[in-house]
Amino acid sequence: MSATQPAQPKVTEREARQVAEAAREQDWRKPSFAKELFLGRFRLDLIHPHPQPDAEDVRRGEAFLARLREFCEHEIDGARIEREAQIPDETIRGLKSLGALGMKIDPKYGGLGLTQVYYNKALALVGSASPAVGALLSAHQSIGVPQPLKIFGTQEQKDAFLPRCATDAISAFLLTEPDVGSDPARLATTAVPEGDDTYVLDGVKLWTTNGVVADLLVVMARVPRSEGHKGGITAFVVEADAPGITVEHRNAFMGLRGLENGVTRFHQVRVPAAHRIGPEGAGLKIALTTLNTGRLSLPAMCVGAGKWCLKIAREWSGVREQWGRPVAEHEAVGAKISFIAATTFALEAVVDLSSQMADEDRNDIRIEAALAKLYGSEMACLMADELVQIRGGRGFETAESLAARGERGVPAEQMLRDLRINRIFEGSTEIMHLLIAREAVDAHLSVAGDLIDPDKAVQDKARAGARAAGFYARWLPRLATGPGHVPTSYREFHPRGHVDLSGHLRYVERNARKLARSTFYAMSRWQGRMETKQGFLGRIVDIGAELFAMSAACVRAEHLRATGDHGREAYQLADAFCRQSRLRVEELFGRLWANTDDLDRKVVAGVLSGTYTWLEDGVIDTSSEGPWIADATPGPSKHENVRRPVR
């Protein structure tokens, strides 16, 4: 084996898919608005009237937000965090005293017990003061120790760890490895049983958010199959100061400069079997289930970013004059401001709706949360980019430089850098497309999957054919027409004196059916090759995301109108968003069948074979020497431990 190449389990493409499929939550025990949408059924009744929080939850949530806002305004110095590339210890201690580490933890364990709605509002607020602080709190509670223990932990584990997490102990989630990203089937970190009460961990974990300052870790490791041990990828709670754990490096990034993210090595780390979360082999299922609601924290902070972008765009564009009038009055700039305002409204609608549904626990929101993450991360980056453009040269200049020469220190370029990671965090956009697409076609695969599975026997295919015939005989005719073709449908969304949103909901209903027909046609055309059509699947998901956002925006506008809270303005914003969204939907539908996917594959083959290396002439590659992927061979660490617990 090469000294520069890590040893990894040899896994075929099919085996990798099987691992991912086994980790999926297989059943749909509760209704799902987004799942129905992809099936061509516009179930407005699942989201309208807009679900409402409990009055006591609102009281407690608002009280905490008031305390948190005061802390953010006086105790979080975002400029200092950016300058020093570190969150000051006193800031973290202040967050602990405030109870911010336990926002989502039940009060009986010392937490605040906030709802998902108010947890997200808190993250948006903190993230606007410092995205790095928002990331620290989110990683701790959304994917760190508290959430998986809440769902899968034993009572003994909850009693032992949740009070610590609520008050003082920072947690981190360790899955990624130097050569393992979105393909966990190749996970190399091992947890070898030693007797009945201990596991021994060996391996290296990369990009461990909070890992540098963490006190507790959720570690995913592979348990070898043996007598008495089912084996498989398994989750453990591990003390961060256990012998054999070394934080070898604190990573630095283009954004989120205060992020405490590192490389952690495990060498013969002994972990009590009592610290295993769930059974052996359930690690990936635990991770994915945790993310069902955990993913909502990221778009929540994107909402905060959108609100900030809107504030800066409004204030700047009203005072900056060009050609005799404020730049906001020039159509080219005004279109950008309209996009930021309308998109912020819609994104907040998506996050609040999904979060309230998560709190009520009446619906399965796995697709809604994934769509919120996907849509929020993409749109927030676009909004920040538009703000930089609106600000012109000042958008590209750092806040520190602006302040040094006597102008307001607006960190627009920092916002753009900080937001960029969100398209990669907790599932890249490309992976989210595939994950959501898999859930979107689940009903089809349930009835017809055996027809396109090459490993299935003839009799299995025959049974699948019979099931498919019955399903599609009932389903396909319903895609022909619906309320979207009836001019009076959804008339409650056209109240007197307000713009008409009912037409947008009819558009959603019609195009949900069109989306389902397109998906069915593609499955019929490509069958077993459907999973390779990632460009097509990505566009299908993006159409669904737009339709979901339009639905949420309209429902939120009607809710605000009914409660007398800026209803007229909300209707205007929802109308603007839906009109902008419809243009994107039409383009995406057109690109389903008219695109360059086949040509792109040919060009890629040429690039990889070296056909176009002549095109690379005339530049200097300033990259340093070294392997593309660091060696992650198990063994003792050769580095100084840079772990930095905060006390």
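See the structure above.
Residues numbered from 1 in each chain as written. Predicted model: local features only at pLDDT ≥ 70, side-chain atom pairs only at ≥ 80, totals over all residues. Heavy atoms only, no water.

Participant: With reference to specific residues and values, describe a nonpolar patch on the surface.
Facilitator: On the surface, L599, V603, V604, V607 and L608 cluster together into a nonpolar patch covering about 470 Å² of accessible area. Structurally, L599 is set in helix 23 (residues 597–609). Taking relative accessible area as the criterion, L599 reaches 52% and is therefore assigned exposed. (Patch = residues over 30% accessible without salt bridge, like charges linked within 9 Å, V, L, I, M, F, W, Y side chains within 5 Å. Areas by Shrake-Rupley, 256 points an atom, 1.4 Å probe, with all protein chains shown as cover. Salt bridge = Lys/Arg side-chain N within 4 Å of Asp/Glu carboxyl O. Helix = DSSP H or I, 4+ residues; strand = E, 2+ residues; numbered from the N terminus. Buried < 20%, exposed > 50% of the residue type's maximum accessible area, 1.4 Å probe, protein only.)

Participant: Give a detailed account of the packing of aromatic side chains, specifying residues and quantitative values.
Facilitator: Inspection of every chain in the model, using the stated rule, returns 13 aromatic pairs. Their ring planes at 45° and their centres at 6.0 Å tell us that F33 and F548 sit as a pair that is tilted. In this pair, F33 is assigned in helix 2 (residues 33–38) and F548 in helix 21 (residues 534–562), connecting sequence segments 515 residues apart. By relative accessible area, F33 is classed as buried at 0%. Using a relative accessible area of 1% as the deciding quantity, one classes F548 as buried. With 4.9 Å between their ring centres and 50° between their planes, Y472 and F520 make a pair best called tilted. Placement of the pair is Y472 in helix 19 (residues 458–475) and F520 in helix 20 (residues 502–526), with a sequence separation of 48 residues. If you follow R391 out to its NZ or CZ, it ends over the ring of W316, 4.6 Å from the centre. (Phe/Tyr/Trp six-rings, centres within 6.5 Å; stacked < 30°, edge-to-face > 60°. Lys NZ or Arg CZ within 6 Å of the ring centre and 35° of its normal.)

Participant: Give a description of unusual backbone geometry that names residues and reports values.
Facilitator: In this model, H48 is joined to P49 through a cis peptide bond whose omega is 0°. Looking at the secondary structure, you find P49 in the loop between helix 2 and helix 3 (55–75). The backbone of L256 shows a phi angle near 50°, a positive value even though the residue is not glycine. Structurally, the position occupied by L256 is in the loop between strand 6 (245–250) and strand 7 (261–272). The exposure class of L256 is buried, given its relative accessible area of 7%. Positive phi is not limited to glycine here, since H566 has a value of about 60°. On the basis of relative accessibility, which here comes to 58%, the residue H566 falls in the exposed class.

Participant: Explain the side chain of K96 residue by residue, including any values.
Facilitator: With respect to the helices and strands, K96 occurs in helix 5 (residues 89–98). In this structure K96 touches L101, T167, D168, I170, V646 and R647, once residues within four positions along its chain are discounted. (Contact = heavy atoms within 4.5 Å.)

Participant: Could you give me a rundown of the pairing of strand 4 (residues 216–223), with the residues and numbers involved?
Facilitator: The buried fraction of strand 4 is high, at 7 of 8 residues. As judged from the 4 bridges shared by strand 1 (residues 171–174) and strand 4, these two strands associate in the parallel manner. What sits directly across from S171, in strand 4, is L216. (Pairing = 2+ DSSP bridges.)

Participant: Any details on the environment of A240? Residues and values, ideally.
Facilitator: Note on placement: A240 falls in the loop between strand 5 (232–239) and strand 6. Residue classification places A240 among the buried positions, given a relative accessible area of 4%.

Participant: Which residues make up the pattern of salt bridges, and what are the values?
Facilitator: Applying the stated criterion across every chain yields a total of 48 salt bridges. Between D89 and R644 there is a salt bridge, with the nearest N and O atoms lying 2.5 Å from each other. Of this pair, D89 sits in helix 5 while R644 sits in the segment after helix 23; the two residues are 555 residues apart in sequence, bridging distant segments of the chain. A relative accessible area of 24% places D89 in the partly exposed class. As a salt-bridge pair, E248 and R265 come within 2.7 Å of each other at their nearest N and O atoms. Of the two residues, E248 is situated in strand 6 and R265 in strand 7; the sequence distance between them amounts to 17 residues.

Participant: Pulling in residues and values, what's your account of the nonpolar core?
Facilitator: Generally speaking, a soluble globular protein has its nonpolar side chains buried in company with each other. In terms of nonpolar packing, the biggest core is built from 97 residues, with L371, F493, L547 and F577 touching the most fellow members. In terms of residue count, helix 21 provides more of this core than any other element does, 16 residues in total. (Core = buried A, V, L, I, M, F, W, Y, C linked by side-chain atoms within 4.5 Å.)

Participant: So what about the packing of helix 11 (residues 297–319) against helix 13 (residues 366–391)? Which residues, and what values?
Facilitator: Between helix 11 and helix 13, the least distance of the axes is 9 Å, while the angle of their chain directions is 20°. In terms of axis orientation, helix 11 runs roughly parallel to helix 13. Both helix 11 and helix 13 take part in a crossing whose hand is left-handed. In this structure, helix 11 contributes L298, P299, C302, G306, W308, C309, I312, A313, W316 and S317 to the contact, and helix 13 contributes A372, K373, G376, S377, A380, M383, A384, L387, I390 and R391. (Axes fitted to C-alpha atoms, helices over the stretch in contact; angles between N-to-C directions. Parallel < 35°, antiparallel > 145°, perpendicular 65-115°, else oblique. Left-handed = near helix turned anticlockwise from the far one by under 90°.)

Participant: Break down the environment of T12 for me, citing the residues and quoting the values.
Facilitator: Tracing the sequence through the fold places T12 in the segment before helix 1 (13–23). Its relative accessible area of 42% is what places T12 among the partly exposed residues. When the C-alpha atoms of T12 and A185 are compared, they prove to be 9.2 Å apart, with 173 residues separating the residues in sequence.

Remember, this is a structural readout, not a statement about activity or role.
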